[in-house]
Amino acid sequence: MTAPTGAGKTALVRELDPSRFEIISFDSRQIYKELSIGTAAPSQEDCEKIPHHLVSFLSPSESIDAAKFVTMAEEALDDILSRGKIPVLTAGTGFYLNAFLYGMFPVPKITEEIKLKVESLSMEERIQELQILDPKALQKIFPNDNYRYGRALEVNWMGTLWSELKVEEGKGALISKNLNILGAFFLDLDRKELYERIDSRAKKMIESGMAEEAKRVSDKYGEDCPGLQSLGYNFALENIKGTSNLETFFGNLSQSHRNYAKRQITWFRKQKILEPIHPSEAYKKIKI
């Protein structure tokens, strides 16, 4: 099950029967510890009600690549199936889910020189380089995904267009694990309803202390740590530093999530395996 940000994915799976189901999360931001507010990660109460795998396990100072994530997802899948339960795959990050289901891109080996060169660039500089070398890559990478910008640039500087990489057929879990997909959905809400939900969630994030959360992590790991590259934390840091007021913080945070949701919806609608469905109807289908 996939969903744009704010569509209610977490609330939906919260209602599933934990004696039958467990969740494997495919979200590139909810992987981080200490950043639960701004990433809208499942709460401790949610995880106690129904087990969630691959949530809040990585330090904000660390990055993870798709290959490592896929390996961990396969281990979680095997664990769930070994106990006779049904895995529910939830995704905000379609790249991770696709890599898991269909296989990885055959990325060329990156030299240490290229890695260091990319690491020295800011996110804005990485975007500028990709705009020159491989503008199609920017259409496939969700906004503010600085790690993915870096990976794409590494591949391009090794002489291969990142945007033209193809998955290795037959390498994904659909075939290697012989998965039987009982249903594949993306939560499709009326745009007005979705935006109202995004506004409400942005307000809740601010009231819950997103700016204070950003400061704690920034003080501990630095402003440039991978975890704080997550959507909206730049606005949280501006607010806690006093360079923006609450009204500006809310407006920027809400708009960035709306823009992100648009990109997600566009991506999900291109995936033939996914059926658009309202959250209420998705729940009825999953619990059967």
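Residues numbered from 1 in each chain as written. Predicted model: local features only at pLDDT ≥ 70, side-chain atom pairs only at ≥ 80, totals over all residues. Heavy atoms only, no water.

Colleague: Provide a residue-level description of the side chain of His53, including the pertinent values.
Modeller: Position of His53 relative to the elements: it lies in strand β2 (residues 52-53). Those residues within four positions of His53 in sequence are excluded, and the remaining contacts are Glu22, Ile23, Ile24, Ser25, Ala76, Asp79, Ile80 and Arg83. (Helix = DSSP H or I, 4+ residues; strand = E, 2+ residues; numbered from the N terminus. Contact = heavy atoms within 4.5 Å.)

Colleague: So, the confidence of the model for the chain: which residues are in play, and what are the values?
Modeller: Confidence in the prediction for the chain averages 90 pLDDT; 98% of positions are at 70 or higher. Of all helices and strands in the chain, the one with the weakest mean pLDDT is helix α15 (residues 279-287) (75), whereas helix α12 (residues 210-221) scores best (98). (pLDDT = per-residue confidence, 0-100.)

Colleague: Describe the environment of Thr10, and please don't skip the residues or the numbers.
Modeller: Topologically, Thr10 is positioned in helix α1 (residues 9-14). Put simply, Thr10 and Ser25 are 15 residues apart on the chain and 10.0 Å apart in space, counted from C-alpha to C-alpha.

Colleague: Outline helix α7 (residues 123-133), supporting the account with residue identities and numerical values.
Modeller: Each α-helix winds once per 3.6 residues, and so residues spaced three or four apart point in a common direction. By the burial criterion, the buried members of α7 are Met123, Arg126 and Leu130. Taken down its axis, α7 places every buried residue within 60° of arc, on the same side. Away from its buried face, by an angle of more than 90 degrees, α7 presents the exposed residues Gln128 and Ile132. Along its buried surface, α7 packs onto α6 (112-119), α8 (135-140) and α9 (146-157). (Buried < 20%, exposed > 50% of the residue type's maximum accessible area, 1.4 Å probe, protein only. Arc of directions from axis to C-beta.)

Colleague: Lay out the packing of helix α13 (residues 233-240) against helix α14 (residues 246-269) in plain terms, naming residues and giving numbers.
Modeller: Axis separation between α13 and α14 bottoms out at 9 Å; the angle between their running directions is 175°. Between α13 and α14, the crossing angle belongs to the class labelled roughly antiparallel. Seen from α13, the contacting residues are Phe235, Ala236, Glu238 and Asn239; seen from α14, they are Leu246, Phe249, Asn252, Leu253 and Ser256. When the residues that make up the contact of α13 with α14 are grouped by side-chain class, the tally is five nonpolar, three polar and one charged. (Axes fitted to C-alpha atoms, helices over the stretch in contact; angles between N-to-C directions. Parallel < 35°, antiparallel > 145°, perpendicular 65-115°, else oblique. Nonpolar A, V, L, I, M, F, W, Y, C, P; charged D, E, K, R; others polar.)

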